[in-house]
Amino acid sequence: MELGYFVIHKLMLTLIPLLMFGIIAFRMVQSARQWNKDNHSPKLTVPVTIPAKRADTSRRKNTYRTRYYVTFQFESGDRLELELQGHEYGLIVEGDRGNLSFQGSRFLGFERT
């Protein structure tokens, strides 16, 4: 019985760090691919309206993190949701019209018209 416990314990001490390393490596590769894709996308400035905004707050232990998202609607009716910094998010109001500058999934700016 003790031998079985020892084997399981040793196996867990090996598998858990490997699993954590694998998850971290996967996220790093995923982020690098998105960064590369954004860098190879053209920088565009197009007229849009703002149909919606949202904030997503998550809690990890005693730390809160808020991510801010704005939905931009193109003249064609297509929509694109981008993540913004808090100070940029606060300057945009639902119903605004203006020109969105973006590169792939990267928000570059919004100028109200």
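For the structure, see preceding data.
Residues numbered from 1 in each chain as written. Predicted model: local features only at pLDDT ≥ 70, side-chain atom pairs only at ≥ 80, totals over all residues. Heavy atoms only, no water.

Peer 1: Describe the pattern of salt bridges, naming the residues involved and giving the relevant values.
Peer 2: Tallying each qualifying case throughout the model produces two salt bridges. Glu81 is the salt-bridge partner of Arg54, the closest N and O atoms lying 2.8 Å from each other. Highlighted residues: Arg54 in strand S1 (residues 43–60) and Glu81 in strand S3 (residues 79–84), separated in sequence by 27 residues. The exposure class assigned to Glu81 is partly exposed, which follows from its relative accessible area of 38%. The residue Arg112 makes a salt bridge to Asp96 at a minimum N-O spacing of 2.9 Å. In this pair, Arg112 is assigned in strand S5 (residues 106–112) and Asp96 in the loop between helix H2 (86–89) and strand S4 (97–103), connecting sequence segments 16 residues apart. (Salt bridge = Lys/Arg side-chain N within 4 Å of Asp/Glu carboxyl O. Helix = DSSP H or I, 4+ residues; strand = E, 2+ residues; numbered from the N terminus. Buried < 20%, exposed > 50% of the residue type's maximum accessible area, 1.4 Å probe, protein only.)

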